[in-house]
Amino acid sequence: MAILNFSDVLIKVGLDPKRVKLIRHSLADKNFRTCYEKRMVTEYTRVQSDNFSNGYDYWCVFISDKSTTAKFFACYKVNGSARDTQDVKPDNFPLEDWFQGQKMFFELEHVDSLKEYEGRLLIEWGNSALAWAQKATNEKPIVAIQDKRVFSGYENFVLTYDELKEIVKDPTAYESWHTALSSVKAIYLIVDRENGRQYVGSAYGKDGLLGRWAHYVDSLHGDNKLMKELLCNYPQRYKYFQFSILQVLPKTVNPDDAIHAETLWKKKLLTYEPLGMNAN
């Protein structure tokens, strides 16, 4: 018998499991994987049949792969719906044959009270894996609550702007990240997920990669010319920036060597304008 079920978590944050629907998306599904890779899980979830939410005020979304376990993605409050016609289709939605007016497009409001469990809480969905939508009163044992705050290695992470901001602004919770990112210099990559354009930069200041990325968090553009121009025209575009590391450099590297490595990566990835976001 499970010590803790997901319904217990719902009750803890003040949600009645009877009013909550559980949704399990699978990465084995081609359509879902396409939207997942485009970071459009919420948009994908919003398209459901007419009566899908009857009797339910909230949806809790999980993502699984090949096993019968599923990881918590987010919880949403349902605030109505409209027919899924082309005029409500989200920009850059990757499934061309969707939004033909045969289903409903639900308005979902993110529930912050469960945010601390997002990407961390793992449940056992059970043998009824094909039943991808269930009521929350069905007991789903909690397998683990993973600690996302432990640094997992320089080559293992890809961060959105919001994730990077959380790390930079919370040195107590992300102590291992601060230690790791401040102890190296590096060549890094920023990708605009809206259009795929890339920017290669180098961090060789005294505060290492952490100091350079902290500047992006505060300024949004890192003083880069083309990013400034982009944000002037599209002020919210920074939310689509994705951060990763191309090459770790020793803390003792001199600026000339760091710049040489940066230039080489620019040539490899063709990040100079007009293809990329490097002005020089």
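The structure displayed is predicted, hence computed values, not measured ones.

(A) How the structure looks around the overall build of the protein. Secondary structure assignment for the protein yields eight helices and twelve strands. Projected onto the principal axes, the alpha-carbon positions of the protein cover approximately 65 × 45 × 30 Å. The proportion of buried residues among the 280 residues of the protein is 46%. A sequence separation of at least 24 residues applies to 67% of the contacts in the protein between residues at least 6 apart.

(B) Geometry of the packing of aromatic side chains. For the structure on display, the rule yields 24 aromatic pairs. With centroids separated by 6.1 Å and ring planes inclined at 75°, the aromatic side chains of Y188 and W213 adopt a geometry described as edge-to-face. Of this pair, Y188 sits in strand 10 (residues 185-192) while W213 sits in helix 6 (residues 208-219), and the two are 25 residues apart along the sequence. Across this residue pair, the class does not change: Y188 and W213 are buried. The rings of F151, Y154, F157, Y174, W177, Y188, W213, Y216 and F243 are connected pair by pair, giving a single aromatic cluster. Here the basic side chain of K21 rests over the ring of F52, its NZ or CZ set 3.8 Å away from the ring centre. Between K268 and the ring centre of W265, over which it is positioned, the NZ or CZ distance is 4.7 Å.

Conventions used here
Residues numbered from 1 in each chain as written. Predicted model: local features only at pLDDT ≥ 70, side-chain atom pairs only at ≥ 80, totals over all residues. Heavy atoms only, no water. Helix = DSSP H or I, 4+ residues; strand = E, 2+ residues; numbered from the N terminus. Buried < 20%, exposed > 50% of the residue type's maximum accessible area, 1.4 Å probe, protein only. Contact = heavy atoms within 4.5 Å. Phe/Tyr/Trp six-rings, centres within 6.5 Å; stacked < 30°, edge-to-face > 60°. Lys NZ or Arg CZ within 6 Å of the ring centre and 35° of its normal.

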